[in-house]
Structure formats: structure tokens, C-alpha cells
Amino acid sequence: MNNYVKTRAYAAFDESGILKPWTFERRTVGDNDILIEIKFASICHSDIHQEKGHWGKQQYPQVPGHEIVGVVTAIGKNVTKFKVSDRAGVGCMVDGCTTCEEEQYEDGTKFTYGYSDEREPTKITQGGYSTHIVVNNHFAVHIPDNLSFEKAAPLLCAGITTYSPIMKAKIKKGDKVAVAGIGGLGHMAVKLAVSKGAEVYAFTTSADKVEDIKAFGAKEVIVVDNKEKFLAYQGQMDYMISTIPYQFDVASYASVVKPYGFFTQVGMPENFQITLNNLGLSVSRVNFNASLIGGMKETQEMIDYCAKNNVLPEIQIIKADEINQAWKNVENKKARYRYVIDVATI
């Protein structure tokens, strides 16, 4: 007999971007694992990129989703971090090094879906658009009691992906911080920078988001409909974080940063590549870097910070049969700002 965990889900079966109901089995709960009954899972643009093959060939069926919250229903014999009935969250990683500060950069890290895992009956990790998940307990975080599951879910990727570089940039009161791309990640970047006392300048291509972004605390919102929009802000920002997940004119956006200031790219475009204009970057003299989510210690720190300071995402709760339309809306920039799936509807 096995103790595989029967799981209902919505999965991609090819590169079409169409998800369908699927039932499969997850691995047994190991000595260091926890089993989580998922309550909510939110939609990240990364889900779409991966399942459509934008980041390389995929194995199907594959269940996306790496913003996951729920209740612990079983624990392995070595687990002391969690007990049954605890509220728990899972982000972009489910196993790997348990002694590293930044697990996301280590060899052997198993990301939440589409990664080879011989322990799984499907031979790959399967994500959070599903009723259950089994993870190494090190890669789960505690969800504070004062934070609702549905608001917590987007923090597991959108929250940590923006929190980590903003905290490493040591943003302080009065700093001028620019945020490029105001979607699921970008709106969290605005809120986090505002919470640190920064003057936030939001650069968006969506004119219909202006009032929303001002309500998030941005000092100014710049609708980027031509390159001239950057001229008035050239060399003024202390820092810029870009969440744009497709090809864009990096040098034009970077031109608003002070010479030798920092520009951090967190958006992940097709094939993980963006084209840089070397001359444009050399003129602005910007220090360009990129960042990938955050480590587990930092993720727990972020969850606690957001719960304490009420830095929470704007969400729309949907049923599972609305996922495909939600994906289309994300691609067409119609999401406001994170779709959260009620897993009870799977």
C-alpha cells in the first residue's frame, strides 16, 4: 500500500494556456514534510509564462501556482516547526537546502511546479491550483492569525519578490523610489516602499490605474505612452524596481535614476531575457541588478512585516472555473491586482 495524497487540481496539458480539471496523486508525507490542505492560491504572471512554454519546454500535465496558503493536516516525524491545524504558506520553493540563507540560488532547490522530483508519482513537482500539497517543512511559513488566507496568498511571491530587493536597498524616509509596471508585483512594491517612508513615483502604461496607484500612496503616477515622459524625471530617483515581465526599453526607464543609483529588475520576461542598450545605460551610469524571490527566513520576515504594517495586496477572489479568463485578463493588463482562487471550488 502507498499513502499517496489524492489531489484535485487545475492543470495545463499543453502550451495552449488552457487549464482543465485533473485528479492526481502527490508523494507520501516524508519525515521532514508537512501536508497542507490548500484554501487559496493566487495567480502570478509566471504561471502563464511557464505553462505556455515561454521559459522552455515543459512536462505535462502540470499544475501551476506558487502563492499558496492553507492548513497543516499532517506532519512527518521529524517536524517541530509546525503542528497539525497550523496556518501555513508556500511560495516558489518546496524542497532543497535547509541550511542556506538564500535557498532560491542554491543547486538542488526544487521549485514549486514543473521541477523534476522522482518521489512524486507524476515525476515533477505540482503547484498550488490544487486541493493539497506536500512540502519540506523548511519551505513553508507561518501565516499570522491577523492575516486572512486570501490576502496572505499573493505575498508568497509578489510580496517577497518586491520586499527582498527593497529591504536590501535600505530604503529610508524621503528617498525617491520609482516603480515600473504596476500589476501584481508592482502594486506591492509601491505599498512596501511607501511603508518605508519613501516618495514613490509609479511608471505605468495603464492610464486607468492612475487613481488606484495614488490610493496606494504613490506621490506621482506617470503614464508611459512615449519616451518623452521620462525626461522630466531624468536622474532624480534614488532607486528603481522594475516588475515588467516582457521586453521593454530598460535604458529609458533607468534614465530616471541618479548616477550610480540602483535599478533592480524582478520581472521575468519570455526566455528570461531583456535587451539592454549599453550606450543608454552608460549615459545614466546606473548600477543594474536583478533579484529572484527571497530566502525562507526573509519570507517569514516579510509575512510578519506585512501583517503588522497592513501592507496587503489588492485581490479579486475567483472560482476555479474562472481561471482561464483570469489568465487572459492578466495578459491583457486587466487584473486588479491579484486573482486569488478559492480552492474549495476545484
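Model, not experiment: these values are computed from the prediction. (Residues numbered from 1 in each chain as written. Predicted model: local features only at pLDDT ≥ 70, side-chain atom pairs only at ≥ 80, totals over all residues. Heavy atoms only, no water.)

### Side note on the overall build of the protein
What the protein contains, in helices and strands, is 9 helices and 17 strands. The C-alpha atoms of the protein give 20 Å as radius of gyration, which agrees with the globular expectation for 346 residues (20 Å, within 12%). In terms of principal-axis extent, the alpha carbons of the protein reach across some 70 × 40 × 35 Å. The buried share of the protein, reckoned over its 346 residues, is 57%. Of the contacts made within the protein by residues no fewer than 6 positions apart, 69% connect residues no fewer than 24 positions apart. For the protein, the exposed area adds up to about 14,500 Å²; of that, 49% sits on carbon and sulfur atoms. Mean positive and mean negative side-chain charge positions of the protein (38 and 40 charges, respectively) differ by 3 Å. (Helix = DSSP H or I, 4+ residues; strand = E, 2+ residues; numbered from the N terminus. Rg over C-alpha atoms; globule rule 2.2 N^0.38 Å. Buried < 20%, exposed > 50% of the residue type's maximum accessible area, 1.4 Å probe, protein only. Contact = heavy atoms within 4.5 Å. Areas by Shrake-Rupley, 256 points an atom, 1.4 Å probe, with all protein chains shown as cover. Lys, Arg positive; Asp, Glu negative; His and termini not counted. Charge placed at Lys NZ, Arg CZ, Asp CG, Glu CD.)

### Brief notes about the packing of aromatic side chains
Within the structure shown, the criterion is met by 13 aromatic pairs. Grouped by ring-pair contacts, the aromatic residues Tyr201, Phe203, Phe230, Tyr233, Phe248 and Tyr253 constitute a single cluster. Seen from the ring of Phe149, Arg87 lies directly overhead, with NZ or CZ sitting 4.3 Å from the centre. The positively charged end of Arg336 is found above the aromatic ring belonging to Tyr337, 5.8 Å away from the centroid. (Phe/Tyr/Trp six-rings, centres within 6.5 Å; stacked < 30°, edge-to-face > 60°. Lys NZ or Arg CZ within 6 Å of the ring centre and 35° of its normal.)

### Things to note about the side chain of Asn136
Structurally, the position occupied by Asn136 is in strand 8 (residues 132-136). Of the residues examined, Asn136 reaches a relative accessible area of 9% and is grouped as buried. Ignoring anything within four residues of it in the chain, the contact list for Asn136 reads Arg27, Asn32, Asp33, Val94, Asp95 and Thr98.

### Details of unusual backbone geometry
A negative phi holds for most residues other than glycine; trans holds for most peptide bonds. Look at the link from Tyr60 to Pro61: it is a cis peptide, with omega at -5°. The residue Pro61 is located in the loop between helix 1 (45-51) and strand 4 (68-75) in this model. In this model, Arg336 is joined to Tyr337 through a cis peptide bond whose omega is -5°. Relative to the helices and strands, Tyr337 is located in the loop between helix 9 (323-331) and strand 17 (338-342). Of note, the phi angle at Ser85 is positive, near 90°, even though the residue is not glycine. Its location among the elements puts Ser85 in the loop between strand 4 and strand 5 (87-90). Even without being glycine, Asn271 reaches a positive phi, approximately 60°. Secondary-structure assignment places Asn271 in the loop between strand 14 (257-265) and helix 7 (278-284). For Asn271, a relative accessible area of 46% puts it in the partly exposed group.

### Remarks on the nonpolar core
Counting 54 residues, the largest nonpolar core has Val69, Leu147, Leu155, Val179, Val190 and Ile303 as the members making the most contacts within it. Both domains that furnish three or more residues to this core are identified here as domain 1 (5-157 + 294-345) and domain 2 (158-290). When neighbours within four sequence positions are excluded, Val69 is seen to be in contact with Ile38, Lys39, Phe40, Ala88, Gly89, Ile143, Phe149, Ala152, Ala153 and Leu156. By size, the runner-up hydrophobic cluster in this structure holds 36 residues, among which are Ala88, Val330, Ala335 and Ile346. (Core = buried A, V, L, I, M, F, W, Y, C linked by side-chain atoms within 4.5 Å. Domains from an automatic or database assignment.)

### Focus on helix 9
Every buried residue of helix 9 is accounted for by Ile323, Ala326, Trp327, Asn329 and Val330. Projected onto a plane normal to the axis of helix 9, the buried residues spread over an arc of 160° and lie on a single side. Packing partners of the buried residues in helix 9 comprise strand 1 (5-12), strand 2 (19-26), helix 1, strand 16 (315-318) and strand 17. Taken from the residues just after helix 9, Lys333 is the one with a positive phi, measuring 60°. (Arc of directions from axis to C-beta.)

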